[in-house]
Protein chains: 2
Amino acid sequence: MTIQEAPVARRDRLSRARVLQAAMALADDGGIESLTMRRLGEELGVGPMALYRHVANKDDLIDAMVDVVFGEIGVPSFNGDWKSAMRDRAIGVRHALLRHRWAIGIMESRANPGPANLQHHDAVIGCLRAGGFDIAMAAHAYSVLDSYIYGFAATQKNLPFTAEDAGEKAETMLQPFAAGAYPYLTEMLADHIMQPGYDYGDEFELGLDLILDGLDERIRRAR
Amino acid sequence: MTIQEAPVARRDRLSRARVLQAAMALADDGGIESLTMRRLGEELGVGPMALYRHVANKDDLIDAMVDVVFGEIGVPSFNGDWKSAMRDRAIGVRHALLRHRWAIGIMESRANPGPANLQHHDAVIGCLRAGGFDIAMAAHAYSVLDSYIYGFAATQKNLPFTAEDAGEKAETMLQPFAAGAYPYLTEMLADHIMQPGYDYGDEFELGLDLILDGLDERIRRAR
DNA sequence: ACCTGAACACCGTTCAAGT
DNA sequence: ACCTGAACACCGTTCAAGT
């Protein structure tokens, strides 16, 4: 008479993948500070302690999330031209950081890099070496490129001045500006940064090409 | 008979300056995560709530701390040579970030820049303008330099591989390396990064000069 | 094997109350 | 004016207990 209970048993069992996915979603829309073990459990319909079966702790969770981002970035494709490969790779990293803004400031400072992270960086170095960089030059290139890419993302993240919030800021903070306390800054903001067509994001490729050109020149000189 | 109580009244009254100083000391030796309102109160011999008379909240406190760091950095001294002025300034910022490692990742992403911050950046832009940069070029220079400086500090902060902890890491994380999973990374680490004379910090000036040379070339081309 | 209840040792912040 | 006691609404994490 009684119908056998459906074999689904518990419709959505917890798994490391599900925990990771929910954690990414939480951080993607609310920032890293909205990712708490309690809220994550709530999102998944379990208590916060259930998560500890699938991740060692919050740090382990974030390590795994960072590796997901590196997985999304993938590896640079070397087709004989290190410069365009490194250019595409830099833009790819930047786009990943725009999709996952919580990763800015987290990504580059993890103590325990995951496999996707290591594979990515191995491929970057491999691409440089194939492009004619010796070990020391590859280390320089790696350093200057990654510093720039992550630094740009960090400085852009909470840029005090954007065209959008120019209005509200103007009332409070910008009073000393009118008084002429910061003439050069005022000029740059009024006549450049806050002009309609300006987008700080466009500065990225300018700086990137400057660095790539500089590396190119040093490579040629070494040959 | 009773001696008049010493006029010191309360030997160390709280003040914004004292709170700031104690907060800096706490963050300097324990990192930003060791700076809590409760611990800060303890350090000053008061309850955590007493602090709220001198700072609006923790964010306001950190804003003030960041401005102290900008104050320490000071303003670049322009003596007719923008390149050496910007070089010295970059190295000055880097040294400040080494003294106050907690400021890395915090410094560049404050929503409310303080007066020392604004004054510093006004002077940087002024130096570039005096050196012959038009507004757009000054914005590019500012962007690429600061991105690099802060990015370098961030990537160095928790560098997974240092000569010191090479030993302990080797046991656990580096197993796939031996298996040849990351040949280029392995080569770079073994034959370069972990060699006795190597110090990642030395990469800073190499990248800095690459960027300064690139800016110099673009300035000359524009003239 | 997997999840929960209850607890521990923390957080930032507020607010009425004391002096 | 300046500090405190007590409380609120949170944290991450552990551990014995349940199924």
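Residues numbered from 1 in each chain as written. Chains lettered and ligands numbered in written order. Predicted model: local features only at pLDDT ≥ 70, side-chain atom pairs only at ≥ 80, totals over all residues. Heavy atoms only, no water.

**Some points on the interface of chain B and chain A**
Item 1. With 56 residues of chain B at the interface, the matching set in chain A holds 56 residues.
Item 2. Roughly 4,600 Å² of surface becomes buried between chain B and chain A when both sides are summed, with 69% attributable to carbon and sulfur atoms.
Item 3. Here chain B and chain A share four salt bridges between them.
Item 4. Its salt-bridge partner being Glu187 of chain B, residue Arg129 of chain A comes within 3.2 Å of it at the nearest N-O pair. (Contact = heavy atoms within 4.5 Å. Buried area = accessible area lost by both parts, 1.4 Å probe. Salt bridge = Lys/Arg side-chain N within 4 Å of Asp/Glu carboxyl O.)

**Some points on the relation of the copies chain B and chain A**
Item 1. The operation relating chain B to chain A is a screw motion whose rotation component is 180°, with 0.0 Å of axial translation and a residual RMSD of 0.0 Å. Expressed as a symmetry operation, the mapping of one chain copy onto the other fits a two-fold axis. Of the C-alpha atoms belonging to chain B, the one lying closest to the rotation axis is found on Gly151 of chain B, 1.8 Å away.
Item 2. Most of the interface of chain B is mirrored in chain A, where 100% of its interface residues again form contacts. (Least-squares fit on C-alpha atoms with pLDDT ≥ 70 in both.)

**A few points about the protein's contact with DNA strand D**
Item 1. Near DNA strand D you find 19 residues, and of these Arg38, Tyr52 and Lys58 of chain A together with Gly47 and Met49 of chain B are the closest.
Item 2. Taken together, the sugar and phosphate atoms account for 46% of what DNA strand D places within 4 Å of the protein.
Item 3. Between DNA strand D and Leu14 of chain B, the relevant distance is 3.5 Å, taken from a phosphate oxygen to a main-chain nitrogen or oxygen of the residue.
Item 4. In terms of residue count, helix α2 (residues 37-44) of chain A provides more of the surface near DNA strand D than any other element does, three residues in total.
Item 5. Among the residues forming the surface near DNA strand D, the class breakdown is eight nonpolar, four polar and seven charged. (Near = heavy atom within 4 Å. Polar contact = N/O pair within 3.5 Å; in protein donor to acceptor, adjacent residues only side chain to side chain. Helix = DSSP H or I, 4+ residues; strand = E, 2+ residues; numbered from the N terminus. Nonpolar A, V, L, I, M, F, W, Y, C, P; charged D, E, K, R; others polar.)

**What about the protein's contact with DNA strand C?**
Item 1. Around DNA strand C, the structure places 19 residues, and the nearest of them are Gly47 and Met49 of chain A together with Arg38, Tyr52 and Lys58 of chain B.
Item 2. In DNA strand C, the atoms that sit within 4 Å of the protein are 47% sugar and phosphate, with bases accounting for the remainder.
Item 3. Contact between DNA strand C and Tyr52 of chain B: a phosphate oxygen at 2.8 Å from a side-chain N or O atom of the residue.
Item 4. Take the surface near DNA strand C: its biggest share by element is three residues, from helix α2 (residues 37-44) of chain B.
Item 5. Each residue belonging to the surface near DNA strand C can be placed in one class, and the counts come to eight nonpolar, four polar and seven charged.

**Examining the side chain of His100 of chain A**
All names here are of chain A.
Item 1. Tracing the chain through its elements places His100 in the loop between α4 (82-99) and α5 (115-130).
Item 2. Using a relative accessible area of 5% as the deciding quantity, one classes His100 as buried.
Item 3. Here His100 is in contact with Met24, Asp28, Val69 and Glu72, once residues within four sequence places are set aside. (Buried < 20%, exposed > 50% of the residue type's maximum accessible area, 1.4 Å probe, protein only.)

**Things to note about the packing of helix α1 (residues 16-30) of chain A against helix α3 (residues 58-73) of chain A**
Residue and element names in this part refer to chain A.
Item 1. Across the interface, α1 lies against α3 with an axial gap of 10 Å and an inter-helix angle of 80°. In terms of orientation, α1 lies roughly perpendicular with respect to α3. Residues Arg16, Val19, Leu20, Ala23, Met24 and Ala27 of α1 pack against Asp60, Leu61, Ala64, Met65, Val68, Val69 and Glu72 of α3. (Axes fitted to C-alpha atoms, helices over the stretch in contact; angles between N-to-C directions. Parallel < 35°, antiparallel > 145°, perpendicular 65-115°, else oblique.)

**A short note on the environment of Arg87 of chain B**
Residues and elements named next belong to chain B.
Item 1. Looking at where Arg87 falls in the secondary structure, it is placed in helix α4 (residues 82-99).
Item 2. In the structure, Arg87 is positioned 29 residues away from Lys58 in sequence and 34 Å away in space, judged by C-alpha atoms.
Item 3. With residues up to four places along the chain from it excluded, the contact list for Arg87 reads Glu205, Leu208, Asp209 and Leu212.

**Digging into helix α10 (residues 203-222) of chain A**
Item 1. In this model, α10 of chain A (20 residues) spans 29 Å end to end at C-alpha, consistent with the 28 Å of a helix rising 1.5 Å per residue.
Item 2. Considering only its buried residues, α10 of chain A is in contact with α4 and α6 (135-157) of chain A together with α6 (135-157) and α10 (203-222) of chain B. (Expected span 1.5 Å × (residues − 1).)

**Observations concerning the environment of Leu44 of chain A**
Residues and elements named next belong to chain A.
Item 1. Residue position: Leu44 is located in helix α2.
Item 2. Residues Leu44 and Val19 lie 25 residues apart in sequence; the distance between their C-alpha atoms is 7.7 Å.
Item 3. Setting aside residues up to four positions removed in sequence, Leu44 forms contacts with Leu14, Arg18, Val19, Ala22 and Leu51.

**Some remarks on the environment of Leu185 of chain B**
Item 1. Relative to the assigned elements, Leu185 of chain B resides in helix α9 (residues 183-193).
Item 2. Classification of Leu185 of chain B by relative accessible area gives buried; the value is 6%.
Item 3. Beyond its immediate chain neighbours, meaning those up to four positions away, Leu185 of chain B contacts Leu118, His121, Asp122 and Ile125 of chain A together with Phe177 of chain B.

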